[in-house]
2 protein chains.
Amino acid sequence: MMAKKKEIEKDVSTEAKIKAAAKKLFTQNGFEATRTRDIAEESGINLALLNYYFRSKQKLFEIVMRENVVLFMGGIVESINNNMHLSFEEKVEILIDRYIDMLIANPDLPFFILSVSRTEEFKSDDSDDPIMKSIKQMRTSFMMAIMEDIQSGKIKPVHPLHIISNMMSLIVFPFAASALLKSRTGISDKEFENLMIERKKLIPVWIKAMFNN
Amino acid sequence: MMAKKKEIEKDVSTEAKIKAAAKKLFTQNGFEATRTRDIAEESGINLALLNYYFRSKQKLFEIVMRENVVLFMGGIVESINNNMHLSFEEKVEILIDRYIDMLIANPDLPFFILSVSRTEEFKSDDSDDPIMKSIKQMRTSFMMAIMEDIQSGKIKPVHPLHIISNMMSLIVFPFAASALLKSRTGISDKEFENLMIERKKLIPVWIKAMFNN
DNA sequence: GTCTATAGGGTGATAGAC
DNA sequence: GTCTATCACCCTATAGAC
């Protein structure tokens with residue numbers, strides 16, 4: 001009982017420290033460019049403990065990847081589900097607002113997702129995972145809502161993928177390209193963040209301008 | 001004389017073969033994930049020759065990177081310069097058309113550029129390179145044209161970076177995210193390419209809808 | 001659970017023969 | 001210019017003491 005208590009009292013478990021460090025480095029620099037030694041040093045633990053807790057670099061990466069995919073694709077699901085009573089347009093506005101907040105807090109996430117989406121492992125189905133299932137379900141209902149709006153003449157008749165693509169592009173691309181945009185325009189980190197916050201209001205307007213009839 | 005002739009008659013020089021293989025692999029998989037042995041095998045040459053011709057993996061990568069940056073940012077300069085007589089709007093239409101053609105021919109380029117733009121080496125000025133200079137110049141005159149159109153009330157008053165960002169987003173992002181889009185929608189390579197060709201006509205319309213007064 | 005030490009294999013680069 | 005053989009280093013992973 002005392003032993004258990006003492007364990008809980010420790011700030012963070014060794015396992016959690018390793019995972020946090022791995023998440024930081026893998027997300028910033030990717031699998032290949034990250035050394036297990038870097039992860040050990042970053043988390044202040046011994047190199048051997050990484051393999052003790054996670055068996056291999058690959059296994060640890062997969063855990064981080066899964067968490068990041070859920071963060072990128074699924075953190076929004078609940079914000080949508082919590083607002084079932086709102087119209088599709090209002091839901092989109094909320095989604096954009098939450099998503100940009102999330103990306104400001106996790107600016108390396110878009111590039112990481114683009115990176116892993118290019119690997120073979122990523123194509124695996126994941127249909128067993130309940131979270132992945134609910135993400136997939138949301139994507140489907142999102143697609144349906146778009147097609148209904150096309151049917152009813154509310155929005156212009158274009159391939160739904162253009163609509164999804166353009167929304168993702170406008171929201172996500174500036175973060176994936178932030179290094180490029182900053183270095184070529186000489187803009188500061190703070191100015192960049194302010195522009196991204198500005199986009200929370202602008203993107204819904206742009207989307208309507210592009211697709212509304 | 002004969003010796004020279006014979007040399008020229010060879011299909012491709014060893015040096016060119018190595019560079020072509022390096023370009024392919026570096027562009028697909030990046031610096032870290034590419035082995036010098038892979039480059040040697042891909043080009044059908046001996047590993048030692050890579051260092052004989054290019055001194056190091058790093059030097060070879062820098063050459064490939066420079067060529068890719070020029071392809072990504074500069075291949076368009078001439079198409080603009082060759083159409084000085086056209087209006088800004090018409091120039092944008094041509095730019096989008098050429099750019100999407102270029103990206104269909106080089107689908108891995110966007111991700112590669114996003115990748116290297118995150119490294120320290122990329123931030124170097126390059127102001128000595130004449131091609132880089134003309135790219136920078138084009139970017140400036142592009143920015144000027146936007147600001148003039150804002151001044152004259154032709155387009156809405158927003159930060160020019162939003163306009164640049166959105167154009168880049170709509171053009172480039174689907175290619176950077178093609179693996180993600182394909183795997184999550186089950187779309188085929190051919191269907192994807194057709195959608196991208198469709199966008200050559202759609203993006204100018206969207207841009208106008210977003211920003212024209 | 002945590003450490004040190006080291007195995008085992010891969011990687012970039014080069015020496016030296018031809 | 002091109003090849004084979006090899007060095008020197010770095011990486012992941014594990015054995016074994018505590």
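Residues numbered from 1 in each chain as written. Chains lettered and ligands numbered in written order. Predicted model: local features only at pLDDT ≥ 70, side-chain atom pairs only at ≥ 80, totals over all residues. Heavy atoms only, no water.

Caption draft 1: Just the overall build of chain A, in detail. Of regular secondary structure, chain A possesses 12 helices and zero strands. Ordered by position in the sequence, the α and β elements of chain A form the string α-α-α-α-α-α-α-α-α-α-α-α. In terms of principal-axis extent, the alpha carbons of chain A reach across some 65 × 45 × 35 Å. Looking at chain A as a whole, 43% of its 213 residues are labelled buried. The contacts of chain A with a sequence gap of at least 6 include a subset with a gap of at least 24, amounting to 67%. Accessible area of chain A: about 11,500 Å², with a carbon and sulfur share of 54%. Averaging the positions of the 30 positive and the 29 negative side-chain charges in chain A gives two centres separated by 2 Å. (Helix = DSSP H or I, 4+ residues; strand = E, 2+ residues; numbered from the N terminus. Buried < 20%, exposed > 50% of the residue type's maximum accessible area, 1.4 Å probe, protein only. Contact = heavy atoms within 4.5 Å. Areas by Shrake-Rupley, 256 points an atom, 1.4 Å probe, with all protein chains shown as cover. Lys, Arg positive; Asp, Glu negative; His and termini not counted. Charge placed at Lys NZ, Arg CZ, Asp CG, Glu CD.)

Caption draft 2: Expanded view of the protein's contact with DNA strand D. Surveying the vicinity of DNA strand D reveals 16 residues, the closest of which are Thr36, Arg37 and Lys57 of chain A together with Asn46 and Tyr53 of chain B. When atoms of DNA strand D within 4 Å of the protein are split into backbone and base, the sugar-phosphate part holds 61%. At a separation of 2.6 Å, a phosphate oxygen of DNA strand D approaches a polar side-chain atom of Thr36 of chain A. In this structure, Lys57 of chain A approaches DNA strand D through a main-chain N or O atom, which is 2.7 Å from a phosphate oxygen. Of all elements in the fold, only α3 (36-43) and α4 (47-54) of chain A together with α4 (47-54) of chain B reach the threshold of two or more residues within the surface near DNA strand D. Of the residues in the surface near DNA strand D, the class split is six nonpolar, six polar and four charged. (Near = heavy atom within 4 Å. Polar contact = N/O pair within 3.5 Å; in protein donor to acceptor, adjacent residues only side chain to side chain. Nonpolar A, V, L, I, M, F, W, Y, C, P; charged D, E, K, R; others polar.)

Caption draft 3: Seen up close, the relation of the copies chain B and chain A. The transformation that overlays chain B on chain A combines an axial shift of 0.0 Å with a rotation of 180°, and the residual RMSD is 0.0 Å. Such a turn and shift between the copies fits a two-fold axis. Looking at the interface residues of chain B, 100% of them are also at the interface in chain A, so both copies use one shared face. (Least-squares fit on C-alpha atoms with pLDDT ≥ 70 in both.)

Caption draft 4: Geometry of unusual backbone geometry. One non-glycine residue with positive phi stands out, namely Arg55 of chain A, at about 70°. Mapping Arg55 of chain A onto the fold places it in the loop between α4 and α5 (57-74).

The analysis is restricted to geometry; functional conclusions fall outside its scope.
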